[in-house]
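# Secondary and tertiary structure notes
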Amino acid sequence: MRLNDSTKLAEIHEMGFDILNAPRKGKGGGVGFIWNLKTVKLVRNNVEKHSSFEALEAVLKTSTDILRLCVIYRSTSQKRYLQTKEAKFFEEFNDYLDCLATKSGQPLVCGDFNFHVENPADSSASRFLSLIEEKGFMQHVTGPTHVSRGTLDLVLTKDTEGDSIEIRDMYISENTGTNSDHFFVGFSTPLCPIPCAGKSWITKEVREMSKIDLDEFKEDIKSKLPDPCDVVSLTQAIEIYDSTLRQILDFHAPLKEIHVNENESPWFNSKCKDARRERRKAERIYKKDKDPEALQNYKEKQIDAAIIIDKARHKFFSEKLSGAKGNAKATYRIINSLMDKEFVKKKLPKGTSDVETANNLKSFFSDKVHKIYEDISETSATTSSSGVNEKPQESSKQFASYFKLMLPSDVMDVLKTMGTKSCSLDPIPTWILKHCIDELLPFITKIVNMSLQTGCFPEQMKTAIIRPLLKKHNLDSDVLTNYRPVSNLSFLSKVIEKC
């Protein structure tokens, strides 16, 4: 992968996986971890940079302990400097293992070390094996892991009781499904990771908006929304507007429950599932029999599955982009999903429940706001004590005298300039409101003018939906300081503000 290779990240996330990686500059490459979001959660750990090898660490909590996953890559490019680089590697890797011993968790070190440990006569490989033995590690891979038949990709664990990890069912597959010259090294451990709190299947409440007859909707607004002249207060006007429109929407598009798989991509159809199932079946047969025919069948099923899945994804997004032709906002929304920007919006810190996560974020953001208030109060007190003349506070009624009342045509001009973005606080979606603007305009104008006349912003409109958003896509989603709050306001509140 390359730096900022967001399209590849999007493909990984669409398949229900996540990734931690340290991509290499230039042509790409680097090291990383990919894991199933439904099964586990990895947390990145900072590692000191080294000149002779690349390293990445992540922590995985198990039911009994902490597993520290470490992936290493040692390059053998620039052959003329090989001896110098090897000497530097042994010096730096020695320090790395010493540092690893001071960290919590059972270490599991994997990677491409580029030493031919299968060759006892190789002095560099012998020196490497002596180093890891001295540091209390053992090496588990025994067969060739490269097309040159060398054992270059290794798995290291501690050889001491209490810190050792049992490696089971290790196998090496020459068929990786990629054009890599290295083989796939697989194994299992008896450690049981703590499962993620989220479930694959969730229940959502939706409305069938497409079935709404807009002409009947308009007639209901005319008959059920009272004359604006009969409204006596701003609070009453907001309550009538909100409750009446909600009742009409409930009648025309009542809420219904649906069950969806939040970890499954919308383009991953039945053909993709069948192809994946056939590929897994062929893989199990090959692992069991180790037969050349079984291997060939497994390779064919891998290619078939890759073609079917790629075609399904391509067709899905091509049709979506064609359907959004002429709609810039919809087009950008599709492009954002392809560039992995939508996945970042869904990231949240860990918690035992959604309620706990929401409360933690609420407390964090509230504390930040209170701190800002305290700083402002201290500044105001300092200004007052220094003798600076302050303007007397004006009441809301005095402010109201500065405002000019709006005509329906003025409010209409404001509404035309506003987008169709909706908020869950809105009684009806904004696109329906704009279709019914002739029926709603007198009442909205009344609310706007009552706010201007009284010099008060409606209390009901001072509520917003707060969404936490990561400041950068590569930040740790479990650190609350990495989030910023984004407020989603009701449409009517924005209308009053613009007027």
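Structure: see above.
Everything in this summary refers to the structure shown in the same document. (Residues numbered from 1 in each chain as written. Predicted model: local features only at pLDDT ≥ 70, side-chain atom pairs only at ≥ 80, totals over all residues. Heavy atoms only, no water.)

Once that is clear, we can look at the overall build of the protein chain. The number of helices and strands found in the protein chain is 15 helices and 14 strands. Contacts in the protein chain between residues far apart in sequence, at least 24 positions, make up 64% of those at least 6 positions apart. Taken as a whole, the protein chain presents about 30,400 Å² of accessible surface, with 52% of it coming from carbon and sulfur. (Helix = DSSP H or I, 4+ residues; strand = E, 2+ residues; numbered from the N terminus. Contact = heavy atoms within 4.5 Å. Areas by Shrake-Rupley, 256 points an atom, 1.4 Å probe, with all protein chains shown as cover.)

Looking now at the packing of aromatic side chains. Across all of its chains, the model carries 19 aromatic pairs by this definition. Aromatic pair Phe53 and Phe93: ring centres 5.7 Å apart, planes at 85 degrees, arrangement edge-to-face. Linking Phe53 in the loop between β3 (43-45) and β4 (54-61) with Phe93 in helix α2 (residues 82-101), this pair joins segments that are 40 residues apart in sequence. Each member of the pair, Phe53 together with Phe93, is buried. Members of the aromatic cluster, each reached through a chain of ring pairs, are Phe53, Phe89, Phe90, Phe93, Tyr96, Phe113, Phe115 and Phe128. A cation over an aromatic ring shows up here: Lys224 above the ring of Phe251, its NZ or CZ 5.7 Å from the ring centre. (Phe/Tyr/Trp six-rings, centres within 6.5 Å; stacked < 30°, edge-to-face > 60°. Buried < 20%, exposed > 50% of the residue type's maximum accessible area, 1.4 Å probe, protein only. Lys NZ or Arg CZ within 6 Å of the ring centre and 35° of its normal.)

Our focus in this paragraph is helix α15 (residues 491-498). Buried residues of α15: Phe491, Leu492, Ser493, Val495 and Ile496, and no others. Here the buried face of α15 lies against α5 (234-252), α12 (408-417), α13 (430-435), α14 (437-454) and β14 (483-489).

This brings us to the environment of Ile285. Position of Ile285 relative to the elements: it lies in helix α6 (residues 270-289). Not counting chain neighbours up to four residues away, the residues in contact with Ile285 comprise Lys290 and Ala294.

This brings us to helix α7 (residues 292-323). Think of an α-helix as turning once every 3.6 residues; residues three or four places apart then point the same way. Helix length check: α7, at 32 residues, gives a terminal C-alpha distance of 47 Å against a target of 46 Å (1.5 Å per residue), a fit within 8%. Each element contacted by the buried residues of α7 is listed here: α1 (6-14), α6 and α8 (328-338). Of the residues that open α7, the one with a side-chain oxygen 3.2 Å from the backbone nitrogen of Glu293 is Asp291. (Expected span 1.5 Å × (residues − 1). Polar contact = N/O pair within 3.5 Å; in protein donor to acceptor, adjacent residues only side chain to side chain.)

The full count for this structure, using the stated rule, is 13 salt bridges. Among the salt bridges present, the one from Arg246 reaches Asp242, with a minimum N-O distance of 2.7 Å. Placement of the pair is Arg246 and Asp242 together in helix α5, with a separation of 4 residues, close to one helical turn. According to the relative accessible area criterion, Asp242 is partly exposed, its value standing at 25%. The partner of Asp375 in a salt bridge is Lys371, and the shortest N-O contact between them spans 3.1 Å. (Salt bridge = Lys/Arg side-chain N within 4 Å of Asp/Glu carboxyl O.)

With 39 residues, the main nonpolar core has Phe217, Tyr241, Leu440, Ile444 and Ile447 as its most contacted residues. The set of elements that each furnish at least two residues to this core consists of α4 (214-224), α5, α12, α13, α14 and α15. Of all the elements, α14 adds the most residues to this core, at 9 residues. Apart from the residues lying within four places of it in its own chain, the contact partners of Ile444 are Tyr241, Val411, Leu433, Ile437, Leu492 and Val495. Listed in part, the 21 residues of the second largest apolar core include Phe89, Ala125, Leu131 and Leu154. (Core = buried A, V, L, I, M, F, W, Y, C linked by side-chain atoms within 4.5 Å.)

Let us look at a nonpolar patch on the surface. Taken together, the side chains of Leu321, Tyr332, Ile335 and Met339 make up a nonpolar region of the molecular surface, amounting to roughly 360 Å² of accessible area. Looking at where Met339 falls in the secondary structure, it is placed in the loop between α8 and α9 (341-346). (Patch = residues over 30% accessible without salt bridge, like charges linked within 9 Å, V, L, I, M, F, W, Y side chains within 5 Å.)

Considering the arrangement of structural elements, one finds His50 in the loop between β3 and β4. One polar contact links the side chain of His50 to the main-chain carbonyl oxygen of Glu48, over a distance of 2.9 Å. In contact with His50, not counting residues within four places along its chain, are Glu92 and Tyr96.

Taken together, the side chains of Lys320, Lys329, Arg333, Lys421 and Arg467 define a basic patch exposed on the protein surface. Mapping Lys329 onto the fold places it in helix α8. (Lys, Arg positive; Asp, Glu negative; His and termini not counted. Charge placed at Lys NZ, Arg CZ, Asp CG, Glu CD.)

The strand order β3-β4-β5-β6-β8-β7 describes an open sheet built from 6 strands, whose pairing is mixed. Only two strands of the sheet have a single partner each, and these edge strands are β3 and β7 (137-139). Each strand of the sheet is rotated relative to its neighbour by a mean of 25 degrees, with strand direction disregarded. Where strand β5 (residues 66-73) and strand β6 (residues 106-112) come together, 7 bridges link them in parallel fashion. Paired with Leu69 across the strands is Leu108, a residue of β6. (Pairing = 2+ DSSP bridges. Axes fitted to C-alpha atoms, helices over the stretch in contact; angles between N-to-C directions.)

Without other data, these values stay purely geometric and don't point to any function.
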